[in-house]
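# Notes for the structure review
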Amino acid sequence: MNTRRLTLPSVFMISALALVSCADGASGDGEAAEGETAASAEPTAASDVADDADDTSDGEDEAAPEATVVEPSDRETLAAGGPSPRLAITHDGGVSVLDGASLEVLSEHQAEGFLRVNPAGDGRHFFLSEGETFRLIDGGTWGEPHGDHNDYFTTDPHLSDVTVDGPAPGHVVSHDGVGTLFFDGSGEIHSYELAELSDLDLGADSELETEVAETQEAHHGVAAVFADGGRFETLGDEDGSNGARVLDADGEEVARSEECPGPHGEAAGPEGMIAVGCEDGVMVFDGAEFSKIAAAEEYARIGNLFPAEDSSIFLGDYNTDEDGEEPMTQVALVDAADEEISLVDLDAAYNFRSLARGPEGEALVLAEDGQLHVINAETGEHTDHLEIMEEWTEPEEWQEPSPAIRVVGDIAYITEPDAQALHMVDLGSMEIINSAELDFTPNEIAAVDGRPAEGAAEHEGEHGEDEAHEGHGHTDDEHADGEPAEGEDADDEHDDHDHAEDQPADDEHDDHDH
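Everything numeric in this text was worked out from a predicted model, so none of it was measured.

### Description of the sheet that holds strand β18 (residues 231–237)
Pairing is antiparallel across the open sheet formed by four strands, whose spatial order is β17-β18-β19-β20. The sheet is open, and its two borders are formed by β17 (223–225) and β20 (253–257), each paired with just one other strand. If you compare each strand with its neighbour and ignore which way they point, the axes differ by 25° on average. The pairing of β18 with strand β19 (residues 240–247) spans seven bridges and is classified as antiparallel. Paired with Leu 235 across the bridge in β19 is Gly 243.

The following block contains the structure:
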């Protein structure tokens, strides 16, 4: 295994994201939680656990001292030298938030039931799917536009009481500065402005206001609301789904196609393009009308699509076994511009958590041979590989932990459930630059990069010179010729269409996603 252990400053130098750990001397907001009902999470102080243990060991009847509860708005804000990614990882019993550079666990939150986690789309927050709700998690990292650059900040992560409730919460999508939550159980579509998430104080009375629409019938599907108020939504009912349509801001249908059995895996491409996987290929909306790219086989389900910035080529999984008994060993490269599907043989199995795109648009596949395979998305050529872990086998149930990959810039984060480990791979040098042993078996992983959302307000120093801006003054040398100071980011253009792999939301949809 090609592993190189580095000191934290070396990690900063290698990462093109200028990963910055501001967790020294801090362990997050110290929140754990007592799960009172199935699939619920309530924040409490982590020190409560230690206090209870002490009381048990000494046998005294004295009440444990009350833990100090820090209000979300009272958390300390620290200036960061650049974007500071944070990771949210679900596991049996809860969700943990980790620093993206040191891989230190910053906060832990208990919850029960099968949990899912997705980026909210603004570079800072996550949505935790639990029971019949989406719950907002503050990852504690963000950026604010400031003249010709962005200023960056961190604080302790926080599991909030801000929820959006509904039956069978499913996919989370962000597109054109708008986030969309989809409820399979009702067909409700809740949308919100990404830039408005930063205005929430996350207190007990805080609420996320959403615009609400509905599909024609409830089904396992997905929707994406556009900046102009129009939307893309799948078509279906309780018996299945068969296509998608696009509506304008007035709710009038402007495009429709019912030539996509089992639509799944929505992803955005350039110039308003939206693609969705089908059980016999891929359906593409080009901004005006739908078209179908048929697979060679009668049944060839593409259930997850992965885009790359400014590219019309999507990476997809490729399942030709309708019964789901045979493993997937080929991946699809879907060229939406040329309307072609090319297949790449891996000579190893993989599953729906195994795919990602790299910083140059390369296709990344974490296969059961323990290797991270790198494929040129233009040619289909295998260009590199790296041993990450021992061989592994996909579990029988898709909800069970299996290795997963998430990419932020030139860094890939890879979970290894069998070893209770998390690995950090530099995709430029193809080396493991950091690994962490975890106290839990990781299941799902999501990442936020700390970059400002589209439409974020200009930073005006509201944090105060004695707090977040201490040591963050701007001199003439730092901004000569309009260039950002070292560690700052002048280019906040990034993929504004973040969503986790389009995966099923509950046990009813476990037939084809593994």
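Picking up after the structure, the text goes on.
### Quick word on the confidence of the model for the chain
Detailed reading of the predicted coordinates is not advisable wherever pLDDT is low. Taken residue by residue, the chain gives an average pLDDT of 82. The fraction at 70 or more is 75%. Segment residues 1–67 is flagged for pLDDT under 50; beyond a separation of four residues in sequence, or across chains, it makes 144 contacts in the model. In the predicted structure, residues 462–514 sits below a pLDDT of 50 and forms 145 contacts with residues beyond four places in sequence or in another chain.

### Regarding the pairing of strand β32 (residues 382–387)
Note: strand β31 (residues 371–375) against β32, five bridges, orientation antiparallel. Bridge assignment links His 373 to a residue of β32, and that residue is His 385. Linking β31 to β32, which pair antiparallel, is a turn of six residues; within it Gly 380 sits at a positive phi near 80°.

### So, the sheet that holds strand β27 (residues 328–335)
The four strands are arranged β25-β26-β27-β28 in an open sheet whose pairing can be described as antiparallel. Of all strands in the sheet, those bounded by a partner on one side alone are β25 (305–306) and β28 (340–350). Relative to β27, strand β26 (residues 313–317) runs antiparallel, the two being bridged by five bridges. Bridge pairing in β27 links Ile 313 to Asp 335.

Conventions used here
- Residues numbered from 1 in each chain as written.
- Predicted model: local features only at pLDDT ≥ 70, side-chain atom pairs only at ≥ 80, totals over all residues.
- Heavy atoms only, no water.
- Pairing = 2+ DSSP bridges.
- Helix = DSSP H or I, 4+ residues; strand = E, 2+ residues; numbered from the N terminus.
- Axes fitted to C-alpha atoms, helices over the stretch in contact; angles between N-to-C directions.
- pLDDT = per-residue confidence, 0-100.
- Contact = heavy atoms within 4.5 Å.

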